[in-house]
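Chain by chain, the residues:
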Amino acid sequence: MATVSALPTDREALLGPASRKLEIGLIGARTATALRRVLSGAETDDADRSVLSEAEAMLRSVANAIDFVESGGSTRQQPASFGFGAMAFAMETTAANFPSKDLTAHLRQAADELASLQVAPNKAVAATLVNLFSGLADVATRHAGTVGEVTGTRV
Amino acid sequence: MDALAEELRRALLQRSSTLASRISHLRGSLGDERSPLADVLDLFGFFPKALDIVVEIEWNRAPDALSRVQILRPFLRHVLDVSDFVDDWLSHAGTASAPVYLVDAVGRACLSLGLDERRVVIGEGRADEFRTVVGDIETAVFDLLGSHRPPIPTRLQKLP
């Protein structure tokens, strides 16, 4: 006799949408960290380049997803490749950092800058991107749910 | 910000340690039994070790306290989610919502009705708010740890 339990749908965090937001939050946090390492003059390594590459791919996916919606679904790319749930959230978060006009151009420019940082670390370029990913980290993690305890100080 | 980063690290390592103890207890009660549940618990037992290693590496790589806070917060949320999953799905000894005496009673009732080939599902709440989630548990648990995660031992990989 095997016995298992079933869960209400609001308690499936590990396999549900909140987990995707945590994933985006960590991409933001790790990218912001890699950019701050560039700003601090630390020597970048394979781990930094891997993080920057992942963030670059995410921004390009967001831009592709916008193109797909704006084209009425007529682009050649398969929408499944965008990971729409996560992309919609990332898009909403990153869009606030760019003018709405030519949003995809700005996203692709940021992606190109991330690509350039993987080849040649540049403090000026890193400085233009760090706030975007720092904000993404904060918003995505906050949307994923409370960390279970509040840390505060009494004055 | 430095104090917040230190506090998040303390909370994270404490919860990781608590989770390790919980999994060890659950696995220990199964003895040397080889079963899907024992295999899954062995896989989950590797998570706190991997998490501790990743936290140490990420902490040392981060150039400032803000970076540490932004990385540790999602880790803390994740360790809570993994802990909840263990309690909800792998606690064969019972939970607060499905205590062991209730599990045993339902099991005995099913046996007495000749339903020993059936699987009992005990759930709380409304009958229509449950759904099956299909996903790779190894991916869900370990992928968030990123590229600094130590490799999962071969004997624990891709369980049936």
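Given the structure is predicted, the values throughout are model-derived calculations rather than measurements.

Each helix and strand in chain A was counted, giving five helices and one strand. A total of 155 residues make up chain A; the buried ones form 45% of that total. Sequence separation of 24 or more characterises 71% of the internal contacts of chain A that already satisfy a separation of 6 or more. When the accessible surface of chain A is totalled, it reaches about 7,700 Å², and 52% of it is carbon and sulfur.

We now examine the overall build of chain B. When its secondary structure is counted, chain B shows five helices and one strand. Starting at the N terminus and walking to the C terminus, you meet the elements of chain B as α-α-α-α-β-α. Sorting the 160 residues of chain B into buried and exposed places 43% on the buried side. Counting contacts in chain B only where the partners sit at least 6 residues apart, residues at least 24 apart contribute 73% of the total. A total of about 8,600 Å² of accessible surface is found on chain B, and carbon and sulfur atoms cover 53% of it.

Moving on to the pattern of salt bridges. All names here are of chain A. Applying the stated rule across the entire model yields 16 salt bridges over all chains. Between Asp112 and Arg60 there is a salt bridge, with its nearest N and O atoms 2.8 Å apart. Linking Asp112 in helix α4 (residues 103-119) with Arg60 in helix α2 (residues 46-70), this pair joins segments that are 52 residues apart in sequence. A residue is classified by how much of its surface remains accessible, and Arg60, at 26% relative accessible area, is partly exposed.

Formed by 44 residues in total, the largest nonpolar core has its most connected members in Leu12, Phe44, Phe47, Leu51, Phe75, Phe142 and Leu145 of chain B. Contributions of two or more residues to this core are made by α1 (17-40) and α5 (123-144) of chain A together with α1 (2-28), α2 (36-61), α3 (65-90) and α5 (137-142) of chain B. Here the element with the most residues in this core is α2 of chain B; it accounts for twelve residues. Beyond its immediate sequence surroundings of up to four residues, Leu145 of chain B is in contact with Arg30 of chain A together with Phe47, Ala50, Leu51, Val54 and Phe75 of chain B. Within the second largest apolar cluster, 28 residues are counted, among which are Ile24, Ile27, Leu52 and Leu117 of chain A.

Turning next to the environment of Gly135 of chain A. Take Gly135 of chain A: it is sitting in helix α5. Along the chain, Gly135 of chain A and Ala18 of chain A lie 117 residues apart, while their C-alpha atoms are 17 Å from each other.

Time to look at the environment of Ser91 of chain B. All names here are of chain B. Tracing the sequence through the fold places Ser91 in the loop between α3 and α4 (100-112). You can call Ser91 buried: its relative accessible area is 8%. Separated by 52 residues in the primary sequence, Ser91 and Asp39 place their C-alpha atoms 14 Å from one another. Ignoring sequence-local partners within four residues, the contact set of Ser91 consists of Arg22, Leu26 and Val86.

Looking now at the environment of Glu113 of chain A. All names here are of chain A. Mapped onto the fold, Glu113 is located in helix α4. Using a relative accessible area of 22% as the deciding quantity, one classes Glu113 as partly exposed. Placed 43 residues apart in sequence, Glu113 and Glu70 show a C-alpha to C-alpha distance of 24 Å. In this structure, Glu113 is in contact with Val125, Thr128 and Leu129, ignoring residues within four places of it in sequence.

Within this model, the second largest pocket holds a volume of roughly 570 Å³. What lines the second largest pocket is a set of 35 residues, and nearest its centre among them are Glu23, Arg30 and Glu54 of chain A together with Asp143 and Leu144 of chain B. At the level of secondary structure, the elements contributing two or more residues to the lining of the second largest pocket comprise α1 and α2 of chain A together with α2 and α5 of chain B. For the lining of the second largest pocket, the element with the most residues is α1 of chain A, which contributes ten residues.

Now for the packing of aromatic side chains. All names here are of chain B. Within this structure, the stated rule accounts for three aromatic pairs over all chains. Centre to centre, the rings of Phe46 and Phe142 are 5.9 Å apart; their planes meet at 40°, and the pair counts as tilted. Taken together, the positions of Phe46 in helix α2 and Phe142 in helix α5 put the pair 96 residues apart, joining distant regions of the chain. For Phe142, a relative accessible area of 1% translates into the label buried. Here Phe47 and Phe142 contribute two aromatic rings whose centre-to-centre distance is 6.0 Å and whose plane-to-plane angle is 70°, an arrangement assigned as edge-to-face. You can see Phe47 sitting in helix α2 and its partner Phe142 sitting in helix α5, a full 95 residues away along the chain. Each of the two residues, Phe47 as well as Phe142, counts as buried.

Mean pLDDT over chain B: 85, with 83% of residues reaching 70 or higher. ipTM for the predicted complex: 0.79, alongside a pTM of 0.79.

Cut-offs used in this document
Sequence order as written defines the numbering, with residues in each chain counted from 1. As they are written, the chains are lettered A onward and the ligands numbered 1 onward, keeping that order. The predicted nature of this model means local features are confined to residues of pLDDT at least 70 and side-chain atom pairs, given and counted, to a pLDDT of 80 or more, with totals for whole chains, interfaces and linings taken over all residues. Only hydrogens and water are set aside when side-chain values are computed; all heavy atoms of the structure are taken into account. Per the convention used, a helix needs a DSSP run of H or I reaching at least four residues, while a strand needs a run of E reaching at least two, with both numbered from the N terminus. Burial classification: accessible surface area is computed with a 1.4 Å probe over protein chains only, and a residue below 20% of its type maximum counts as buried, one above 50% as exposed, and the rest as partly exposed. Whether two residues are in contact is decided by their heavy atoms, any of which lying within 4.5 Å being enough. Here the accessible surface of atoms and residues is derived via Shrake-Rupley with a 1.4 Å probe, and residues count as covered only by protein chains that are part of the display. Any carboxyl oxygen of Asp or Glu within 4 Å of a side-chain nitrogen of Lys or Arg constitutes a salt bridge here. What makes a nonpolar core is a set of buried Ala, Val, Leu, Ile, Met, Phe, Trp, Tyr and Cys residues whose side-chain atoms join them at distances within 4.5 Å. Both cavities and pockets are sets of points on a 1 Å grid over the protein atoms alone; in a cavity a 1.4 Å probe fits but cannot get out, in a pocket the set is open with protein on both sides within 12 Å along at least five of seven lines, and lining residues sit with an atom within 4 Å of a point. Grid points are joined across faces, edges and corners, and a volume is the space filled by probe spheres set on the points. What counts as a ring pair is set by centres within 6.5 Å for rings of Phe, Tyr and Trp (its six-membered ring), and what kind of pair is set by the plane angle: stacked under 30 degrees, edge-to-face over 60, tilted for all other angles. For every residue, the predictor assigns a confidence score, pLDDT, that lies between 0 and 100.

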